[in-house]
Amino acid sequence: MTARFLVRLDDACATMRAPIWQPLEQALDEMGIRPIVGVIPDNRDPTLACSPPDPDFWNRVRSWQAKGWSVAMHGHHHLYHPIPAGARALLDMSDKSEFVGRSLEKQRESLREAYKTMLAQGVTPGLFMAPSHTFDAGTLQALRDVTGIRVVTDGHALRVFEKDGFTWIPQQLWRFARMPFGLWCVCLHPNTMTEAALRAFVDDLKRFAHRVTDVPTVLRDVGPRSALDLAFSLAYPMALQLKRRLRRV
Ligand SMILES: [Zn+2]
């Protein structure tokens with residue numbers, strides 16, 4: 001048993017940071033790696049205005065789709081609200097969200113618009129990627145009701161699993177690390193990467209490329225969660241919290 005990795009790129013939009021995204025795409029192409037790419041259907045998040053709007057953006061997304069990248073629908077507007085008291089996110093990853101705590105009707109409206117926007121551009125997202133990894137049971141219900149998406153890129157496990165009518169492709173890392181086994185998804189935010197961080201990532205990628213797989217391959221390997229997966233899903237959030245606390249000290 002060997003570890004395998006997926007690469008996930010977050011926050012693609014018309015104003016993404018071109019001087020990072022372009023060489024990153026070239027490096028992935030050279031190594032034959034097909035990542036998950038989270039596309040924001042209608043970005044309104046001012047913090048993602050990194051480069052002048054690219055009039056060719058949707059063409060670029062269609063070209064990603066054509067070359068086998070796995071396009072994910074990354075929320076709708078990428079705008080956050082504080083998670084209201086009493087609302088419960090499925091993963092405890094952030095205190096703000098685009099979806100958690102909103103009514104089912106509001107979530108349906110938002111996801112219907114988001115999905116329609118992508119389809120109108122000739123892009124069929126196969127996965128859902130929640131901004132800040134935050135979504136709730138209503139988000140999944142709304143996705144089922146108004147989209148064809150049945151795969152989520154998130155979750156704390158060691159391999160792909162089925163839950164709540166969705167296939168979950170776990171996401172646990174923000175850089176490559178040697179692992180003995182399991183499926184590990186490395187999440188990147190190219191809009192906030194420096195050129196030095198990009199170079200370091202590409203160096204890592206060269207070392208790990210032979211272990212990097214893609215979404216169609218891992219979806220052939222879906223099974224029920226094992227005891228080890230369940231143990232990991234309990235231990236992982238504790239490890240994350242500990243890391244956050246240590247950072248604060
Ligand atoms: Zn995002």
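This text follows the structure it describes.
Residues numbered from 1 in each chain as written. Predicted model: local features only at pLDDT ≥ 70, side-chain atom pairs only at ≥ 80, totals over all residues.

Peer 1: Help me out: how do you make sense of the overall build of the protein in this one?
Peer 2: Along the backbone of the protein there are seven helices and 10 strands. Its C-alpha atoms give the protein a radius of gyration of 17 Å, within 12% of the compact-globule value 18 Å for 249 residues. Seen through its C-alpha atoms, the protein measures out along the principal axes to roughly 50 × 45 × 45 Å. Counting across all 249 residues of the protein, residues that qualify as buried make up 40%. (Helix = DSSP H or I, 4+ residues; strand = E, 2+ residues; numbered from the N terminus. Rg over C-alpha atoms; globule rule 2.2 N^0.38 Å. Buried ≥ 20, exposed ≤ 12 C-beta atoms within 10 Å, placed from the backbone.)

Peer 1: Can you help me understand the environment of Leu198 in this one?
Peer 2: Mapped onto the fold, Leu198 is located in helix H5 (residues 195-208). For the pair Leu198 and Pro23, spaced 175 residues apart in sequence, the C-alpha separation works out to 8.6 Å. What Leu198 contacts, discounting residues up to four positions off in sequence, is Ile20, Pro23, Leu24 and Met193. (Contact = placed C-beta atoms within 7 Å.)

Peer 1: Please explain helix H2 (residues 57-66) as it appears in this structure.
Peer 2: Since one α-helical turn is 3.6 residues long, residues separated by three or four positions face the same way. Restricting attention to buried positions, one finds in H2 the residues Val61, Trp64 and Gln65. Axial view of H2: buried residues confined to an arc of 100 degrees, hence all on one face. For H2, exposure combined with an orientation more than 90 degrees from the buried face picks out Asn59, Ser63 and Ala66. Where H2 terminates, the next one or two residues include Gly68, which has phi positive at roughly 90 degrees. (Arc of directions from axis to C-beta.)

Peer 1: I'm lost on the packing of helix H1 (residues 18-30) against H5 in this one. Help?
Peer 2: When two helices pack together, their arrangement is given by the angle between their axes and by how far apart the axes lie. Following both chains from N to C, one finds H1 and H5 inclined at 10 degrees, their axes separated by 11 Å at the closest point. Between H1 and H5, the angle falls in the class roughly parallel. Touching Ile20, Pro23, Leu24 and Ala27 of H1 are Leu198, Val202 and Leu205, all from H5. For the contact of H1 with H5, the class distribution of residues is seven nonpolar, no polar and no charged. (Axes fitted to C-alpha atoms, helices over the stretch in contact; angles between N-to-C directions. Parallel < 35°, antiparallel > 145°, perpendicular 65-115°, else oblique. Nonpolar A, V, L, I, M, F, W, Y, C, P; charged D, E, K, R; others polar.)

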